[in-house]
Amino acid sequence: MCGIGGIACAGADEVPPVGQLTAMAWAMAHRGPDDQGLYRQPGIGLCFRRLSIIDRQGGHQPIGNEDGSIWLVCNGEIYNHHKLRRELQARGHVFRSRSDVEVVLHLYEEKGLDCLGLLRGMFAFALWDQKRRRLLLARDRLGIKPLYYTVLPGKICFASEIKPLLALPDVEAEVNLEAIDSYLTFRFVPAPLTMFKGIVKLQPGHYLTYCRGKVRVKRYWDLPLPATSTMNEDASAAYLLALLQETVRSHLQAETPVGLFLSGGLDSSVLLALASGESSARLQTFSLGFTRGDRPHQGFWELAEARRLARYYATEHHEIEVSPGDVPGALADIIWQLEEPLGDPTIIPLYFISREAALRVKVVLSGEGADEIFAGYEVYLQPWQRTLLHLLPLPLKKNLLASLATRWPAGLPGKNFLRRATLPVEAWYRGVGLTFNEGEKANLYGPGLKQVITGLEPEAGARAYFPSGDYLSPLEKMLYFDTKYWLADDTLLKADKLTMACSLELRVPFLDHQVVEYAAVLPPNFKIRGKVLKYILKKAVADILPPGVIRRQKLGFTAPITSWINNELHAFAAAVLQSQQFRRREYFRPEVVEGLLKDTRPHPARGRQIFALLVLELWHRLFIDGERQLAAPPVDTEQIVVEGI
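In this text, all values refer to a predicted model and were calculated from it rather than measured experimentally. (Residues numbered from 1 in each chain as written. Predicted model: local features only at pLDDT ≥ 70, side-chain atom pairs only at ≥ 80, totals over all residues. Heavy atoms only, no water.)

Participant: How would you sum up the overall build of the protein? Please name residues and give values.
Facilitator: Each helix and strand in the protein was counted, giving 27 helices and 19 strands. Counting over 645 residues, the protein shows a buried share of 60%. Counting every atom, the protein has about 25200 Å² of accessible surface; 52% of that belongs to carbon and sulfur. (Helix = DSSP H or I, 4+ residues; strand = E, 2+ residues; numbered from the N terminus. Buried < 20%, exposed > 50% of the residue type's maximum accessible area, 1.4 Å probe, protein only. Areas by Shrake-Rupley, 256 points an atom, 1.4 Å probe, with all protein chains shown as cover.)

Participant: Outline the packing of helix H26 (residues 590-598) against helix H27 (residues 604-624), supporting the account with residue identities and numerical values.
Facilitator: Contact geometry for H26 and H27: axes closest at 10 Å, N-to-C directions at 130 degrees. Classified by the interaxial angle, the pair formed by H26 and H27 is oblique. When you trace H26 past H27, the crossing you get is left-handed. Here Val 593, Leu 596 and Leu 597 of H26 lie close against H27, whose contacting residues are Arg 606, Gln 609, Ile 610 and Leu 613. A class-by-class count of the residues in the contact of H26 with H27 yields five nonpolar, one polar and one charged. (Axes fitted to C-alpha atoms, helices over the stretch in contact; angles between N-to-C directions. Parallel < 35°, antiparallel > 145°, perpendicular 65-115°, else oblique. Left-handed = near helix turned anticlockwise from the far one by under 90°. Contact = heavy atoms within 4.5 Å. Nonpolar A, V, L, I, M, F, W, Y, C, P; charged D, E, K, R; others polar.)

Participant: Pulling in residues and values, what's your account of the pairing of strand E6 (residues 121-129)?
Facilitator: In terms of burial, E6 is a largely internal element, nine of the nine residues being buried. Residue alternation in E6 divides its side chains into two sets, Gly 121, Phe 123, Phe 125, Leu 127 and Asp 129 and Met 122, Ala 124, Ala 126 and Trp 128, and both sets are buried. Pairing analysis gives nine bridges linking strand E5 (residues 70-78) to E6, with the strands arranged antiparallel. Along E6, the bridge assignment pairs Gly 76 with Phe 123. Note: E6 against strand E7 (residues 134-139), six bridges, orientation antiparallel. (Pairing = 2+ DSSP bridges.)

Participant: Hey, could you go over empty space enclosed by the protein for me, with residue numbers and the actual values?
Facilitator: Inspection of every chain in the model, using the stated rule, returns six cavities of 30 Å³ or more. As a volume, the largest cavity reaches approximately 130 Å³. In this structure, the largest cavity is lined by 17 residues; those nearest its centre are Leu 223, Leu 479, Tyr 480, Ala 520 and Lys 527. Those elements that provide at least two residues to the lining of the largest cavity are helix H11 (370-374), helix H19 (474-500) and helix H20 (513-521). Take the lining of the largest cavity: its biggest share by element is five residues, from H19. Class assignment of the residues belonging to the lining of the largest cavity gives a composition of twelve nonpolar, one polar and four charged. (1 Å grid on protein atoms, 1.4 Å probe; cavity = no way out; pocket = protein on both sides within 12 Å on 5 of 7 lines; lining within 4 Å. Points joined across faces, edges and corners; volume = space filled by probe spheres on them.)

Participant: Describe the pattern of salt bridges, naming the residues involved and giving the relevant values.
Facilitator: Counted by the stated rule, this structure contains 42 salt bridges. Taking the shortest distance from any N to any O, the salt bridge between Lys 539 and Asp 234 comes out at 3.1 Å. Note that Lys 539 is positioned in helix H22 (residues 535-541) and Asp 234 in helix H6 (residues 233-251), a separation of 305 residues in sequence. Judged by relative accessible area, which is 32%, Lys 539 ranks as partly exposed. (Salt bridge = Lys/Arg side-chain N within 4 Å of Asp/Glu carboxyl O.)

Participant: Can you tell me about the environment of Ala 370, naming the residues and giving the values?
Facilitator: As for its position among the elements, Ala 370 is in helix H11. Distance in space between the C-alpha atoms of Ala 370 and Lys 534 is 8.5 Å, their sequence separation being 164 residues. Beyond its immediate sequence surroundings of up to four residues, Ala 370 is in contact with Asp 267, Ala 375, Phe 510 and Lys 534.

Participant: Now, about unusual backbone geometry: what can you tell me, with residues and values included?
Facilitator: Along the chain, Ala 191 connects to Pro 192 via a cis peptide bond; the corresponding omega equals 10 degrees. Structurally, Pro 192 can be placed in the loop between helix H5 (177-186) and strand E10 (200-201). One non-glycine residue with positive phi stands out, namely Arg 133, at about 50 degrees. In the Ramachandran plot, Asp 294 falls in the positive-phi region, its phi being about 65 degrees despite a non-glycine side chain. With respect to the helices and strands, Asp 294 occurs in the loop between strand E14 (284-292) and strand E15 (295-296).

Participant: I'd like a description of helix H24 (residues 570-577), backed by residues and values.
Facilitator: Those residues of H24 that sit buried are Ala 573, Ala 574, Val 576 and Leu 577. Projection of H24 onto a plane perpendicular to its axis shows the buried side chains occupying an angular sector of 165 degrees, all on one side. Exposed side of H24, more than 90 degrees from the buried face: Ala 571 and Ala 575 are the residues found there. Summarising the contacts, the buried residues of H24 are in contact with helix H23 (561-566), helix H25 (580-584), H26 and H27. (Arc of directions from axis to C-beta.)

Participant: An account of the pairing of strand E3 (residues 44-50) is needed here, citing residue identities and associated values.
Facilitator: Every other side chain in a regular strand lies on the same face of the sheet, so the side chains alternate between the two faces. Burial runs high along E3: seven of the seven residues are buried. Burial along E3 is two-sided: the residues Ile 44, Leu 46, Phe 48 and Arg 50 and Gly 45, Cys 47 and Arg 49 are all buried. Sheet topology places strand E2 (residues 35-41) next to E3; seven bridges connect them, and they run antiparallel. Residue pairing for E3: Gln 36 is matched across the bridge by Arg 49.

Participant: Explain the sheet that holds E7 to me, using residue names and the numbers behind them.
Facilitator: Consider a sheet: its strands pair through backbone hydrogen bonds, and that pairing is either parallel or antiparallel. Spatially, the six strands line up as an open sheet ordered E4-E5-E6-E7-E11-E12, and their pairing is antiparallel. Two strands close off the open sheet at either side, each with one partner strand: strand E4 (63-64) and strand E12 (214-219). In the packing of helix H3 (residues 102-111) onto the sheet, the strands contacted are E4, E5, E6 and E7, and the crossing angle to E5 comes to about 125 degrees.

Participant: Now, about the packing of helix H9 (residues 327-338) against helix H10 (residues 347-358): what can you tell me, with residues and values included?
Facilitator: Contact geometry of H9 with H10 gives a least axis separation of 10 Å together with a crossing angle of 90 degrees. It follows that H9 is roughly perpendicular to H10 by the angle criterion. Side by side, H9 and H10 meet where Val 327, Ala 330, Asp 333, Ile 334 and Leu 338 of the first sit next to Ile 347, Ile 348, Tyr 351 and Phe 352 of the second. Considering only residue class, the contact of H9 with H10 consists of eight nonpolar, no polar and one charged.

Participant: Give a description of H26 that names residues and reports values.
Facilitator: Within H26, the full set of buried residues consists of Val 592, Val 593, Leu 596 and Leu 597. For H26, the angular spread of the buried residues around the axis is 140 degrees, confining them to a single face. Its buried side turned inward, H26 meets helix H16 (438-444), H24, H25 and H27.

Participant: Report on a nonpolar patch on the surface, specifying residues and quantitative values.
Facilitator: A surface patch of nonpolar side chains, about 210 Å² in accessible area, is lined by Val 151, Val 215 and Val 217. Its place among the elements puts Val 151 in strand E8 (residues 148-152). (Patch = residues over 30% accessible without salt bridge, like charges linked within 9 Å, V, L, I, M, F, W, Y side chains within 5 Å.)

Participant: Which residues make up the state of the cysteines, and what values go with them?
Facilitator: What is meant by a disulfide is a covalent connection between two cysteines, made through their sulfur atoms. Inspection of the entire model under this criterion finds zero disulfides. For Cys 2, which is in no disulfide, the shortest distance to another cysteine sulfur is to Cys 74 and amounts to 7.5 Å. Unpaired in this structure, Cys 157 has its nearest cysteine sulfur neighbour in Cys 9, at a distance of 8.0 Å. The class of Cys 157 is buried, set by a relative accessible area of 1%. (Disulfide = S-S within 2.5 Å.)

Participant: Go over the nonpolar core with me, naming the residues and quoting the values.
Facilitator: With 160 residues, the main nonpolar core has Leu 184, Ile 348, Tyr 380 and Phe 588 as its most contacted residues. If you look at the next biggest cluster of nonpolar residues, it comprises 23 residues, including Leu 88, Cys 115, Leu 119 and Leu 136. (Core = buried A, V, L, I, M, F, W, Y, C linked by side-chain atoms within 4.5 Å.)

Participant: Report on the packing of aromatic side chains, specifying residues and quantitative values.
Facilitator: Under the definition given, this model contains 22 aromatic pairs. Geometrically, the ring pair formed by Tyr 377 and Trp 486 is edge-to-face, given 6.3 Å between the ring centres and 85 degrees between the ring planes. Of the two residues, Tyr 377 is situated in the loop between H11 and helix H12 (382-390) and Trp 486 in helix H19; the sequence distance between them amounts to 109 residues. Relative accessible area serves as the criterion here: at 13%, Trp 486 is assigned to the buried category. Aromatic rings pair up to connect Phe 186, Phe 188, Tyr 465, Phe 466, Phe 481 and Tyr 485 into one cluster. Sitting over the ring of Trp 336, Lys 163 keeps its end group 5.3 Å from the ring centre. In this structure, Arg 529 packs its charged tip against the face of Tyr 535, placed 4.2 Å from the ring centre. (Phe/Tyr/Trp six-rings, centres within 6.5 Å; stacked < 30°, edge-to-face > 60°. Lys NZ or Arg CZ within 6 Å of the ring centre and 35° of its normal.)

Have a look at this one:
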């Protein structure tokens, strides 16, 4: 796992300055503390930071092909590199290392842009084709690894993170007000937007080419849509288990110890069961629980279950306890590492557990993605509930639901469901997890922000991510949307940034594209059977798990943010959101924010809203007000390996 960056110039003779490349590399040193390298030639400059895991002695980057006409920097892991290497060697290609990413170079020589479809893994890479004078940027199918870029006069600059771009003299940290509106709608900033004006995310499953000043972005992968199926349930479950076994085996490739984030729930338990059967070394497992007053916080404590699993599989187990008093001092560092505001409370436990794991291992497995591809959230049951409502006569249905939604007390579960129940799934589902709805935003925004975002419709943009086709069930549309929209820009963004901040590589076997593609074509009744979520996954792994794991109620890996906002963190949030610094921005009406802070009803929507505003304000102070500065690279650059010029 690594950090990559670079500058490509439209002019044939221009060479990016070594000082700028060094500054970019230094800004992401946490992604790769083991090695650094630069490559410079007319038209291109590449920089690289390395966390050495495979071919620890010989995997230096940037790396070139046999004649030096193609150069590569790659962040990620290519899990089918052994197979690809054998095929390429049979065709006469000569390898200079055992590194997994070197196969990308030679595969590109053979297949050109079509090489992307043959790679199995998580990756974001930059490849310079000297003969064509073309830069290729590519990101893996699901967006496990990030890649950002900005187009400037006569050049394009790119990096694994935003901070390396901000280290360049031509790039300023300026707020993208359009992104504020999207963030307060969804709690994250959807690609290709970022919170910085002029800085863009390359979307998952896309590539970008830059040739002689022209930028072209194209999608190379999409999630397959299910068709009418006659699949056999038992055969499907058996195949799924075999596929997961092979996938976990490939994800254990490493020359360093491998760990696992263990919650005690189904997904991490499956990974532990499969990894224990494949790993020759004793696995290290890491679990986290929240405390209040030196006691477990009810509803946010899974350490007992995780401990039982760790004993069952004889792992080397480590536990972390987090209290609300730990949060204020850590939140600024969390946001600094995320680089964009993310109003998802799971950023808190992920930060603390990553710090602990990084003390002992360089690689961890985690269960991200299983809920989105196999239907593991309670919300996926709502199409069935909506079906019951649709049995009512149309006039009665509209009048009844409208009346109930109006009379339903704010804060009680179900109000949002009733308000949207008669809408098409494309309009209804995106509203399930809104932080602020359109009416609430209209009330919240100050005149300046309201004027800037007039005409913007974040929900309409989100609806465009739903697949078309009347033959698709609401569940299939919901899963497609979550996999393509929410997963990359919320779940995977925080997973990458907060683990790599600790020089820790996180691997997500459930999001191997072969697993994802297989899950996508399974019929809906394989994923939800009655009220049983993730039915086919549970059927596939029933015989390899200890008794009771499959029947455990899902808690989720999150934090008690609503309870904290009402109690231990209320004074902290109020101090930030009632400060003169916050008010001077004039983004929001102070009396509306004040009303949110005074409302102490324990409903999740209000807790999410205050937390989202708190994170946004702290982000603004760090990146726009400059309360935290990027570290400067060493003055002496003579020790840096520079290839090319």
